[in-house]
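# Commentary on secondary and tertiary structure
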Amino acid sequence: MARILVVDDEIGIRELLSEILYDEGHTVELAENAAQARDYRLRQRPDLVLLDIWMPDIDGVSLLKEWSSQGLLNMPVIMMSGHATVDTAVEATRIGAVDFLEKPITLQKLLKTVAAGLARPVIPASMRSRTERPVMPDPVFTQPPAISSTGATPAATPAAPAADDSHLGAISLNQPLREARDEFERIYFEYHLLHENHSMTRVSERTGLERTHLYRKLKQLGIDTSRKKSSGG
């Protein structure tokens, strides 16, 4: 699934889009203004951006121009607005936006537009910003040892140590994707709740979810947030 950045100054819009996209399996990052979106883009490159046009500090079209001039517009950007004119939409497209969503945004239109944006050709690596994470090389697979003409088997090449996935618990892969994902998320949130001593503020910061969204997700997964913090008593 994709990592999607939602940029909108209205908290209701951010939470609604976040909930819909999260339920579709995407990782959602939120920014309430252009400054936060700018800082996020300097740290990493999202797979897609939903960008509101009218914002109080810097409007979405200006931010789009800024990313374009800095060579950071190498991901699909979908503009959003409830008041934009045709000229504004055309200008955003000319700068590099891939599509435009008119508010109020319907569920079907959102999912269709996001899917189309994510299906666009991948930007060549040579055009990506230096701030992005490097691409890891493909793993090298060794051939099994051959039997020599004397019948002896050469010394086996030491196998690479297996990745330690014990922290994931026993998640069966022979189940539907949604059920496997829910099982992983349950383990993930229980892990952070334990290590942050059930502090919802720190868990919210650690997982990158707003507190309202975090509470909703924990309730959906059946995780009791009022659990005792120790085994005593």
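Up top is the structure these notes are about.
Report follows, based on the coordinates. (Residues numbered from 1 in each chain as written. Predicted model: local features only at pLDDT ≥ 70, side-chain atom pairs only at ≥ 80, totals over all residues. Heavy atoms only, no water.)

### Digging into the packing of aromatic side chains
Inspection of every chain in the model, using the stated rule, returns 2 aromatic pairs. Measuring from ring centre to ring centre gives 5.2 Å for tyrosine 188 and phenylalanine 189, while their planes differ by 80°; the resulting arrangement is edge-to-face. Accessibility expressed as a relative area gives 2% for phenylalanine 189, which makes it buried. Ring pairing ties together the aromatic residues Phe184, Tyr188 and Phe189, which thus form one cluster. (Phe/Tyr/Trp six-rings, centres within 6.5 Å; stacked < 30°, edge-to-face > 60°. Buried < 20%, exposed > 50% of the residue type's maximum accessible area, 1.4 Å probe, protein only.)

### Thoughts on the layout of surface pockets
A volume near 420 Å³ is recorded for the largest pocket. Every residue lining the largest pocket is counted, 17 residues in all, and those nearest its centre are Tyr22, Thr27, Phe184, Glu185 and Tyr188. Elements with a minimum of two residues in the lining of the largest pocket: strand 2 (27-31), helix 6 (177-195) and helix 7 (200-207). Of all the elements, helix 6 adds the most residues to the lining of the largest pocket, at 5 residues. Each residue belonging to the lining of the largest pocket can be placed in one class, and the counts come to 7 nonpolar, 5 polar and 5 charged. (1 Å grid on protein atoms, 1.4 Å probe; cavity = no way out; pocket = protein on both sides within 12 Å on 5 of 7 lines; lining within 4 Å. Points joined across faces, edges and corners; volume = space filled by probe spheres on them. Helix = DSSP H or I, 4+ residues; strand = E, 2+ residues; numbered from the N terminus. Nonpolar A, V, L, I, M, F, W, Y, C, P; charged D, E, K, R; others polar.)

### A short note on the environment of alanine 35
Relative to the elements of secondary structure, alanine 35 occurs in helix 2 (residues 34-43). A sequence separation of 28 residues divides alanine 35 from valine 7, and the C-alpha atoms of the two residues are 10.0 Å apart.

### Section: the sheet that holds strand 3 (residues 48-52)
A sheet is described by the order of its strands in space; here 5 strands give the open sequence 2-1-3-4-5, paired in parallel fashion. Each edge of the sheet is formed by a strand with only one pairing partner; in this case those strands are strand 2 and strand 5 (99-102). This sheet shows a mean twist of 20° between the axes of neighbouring strands, independent of strand direction. (Pairing = 2+ DSSP bridges. Axes fitted to C-alpha atoms, helices over the stretch in contact; angles between N-to-C directions.)

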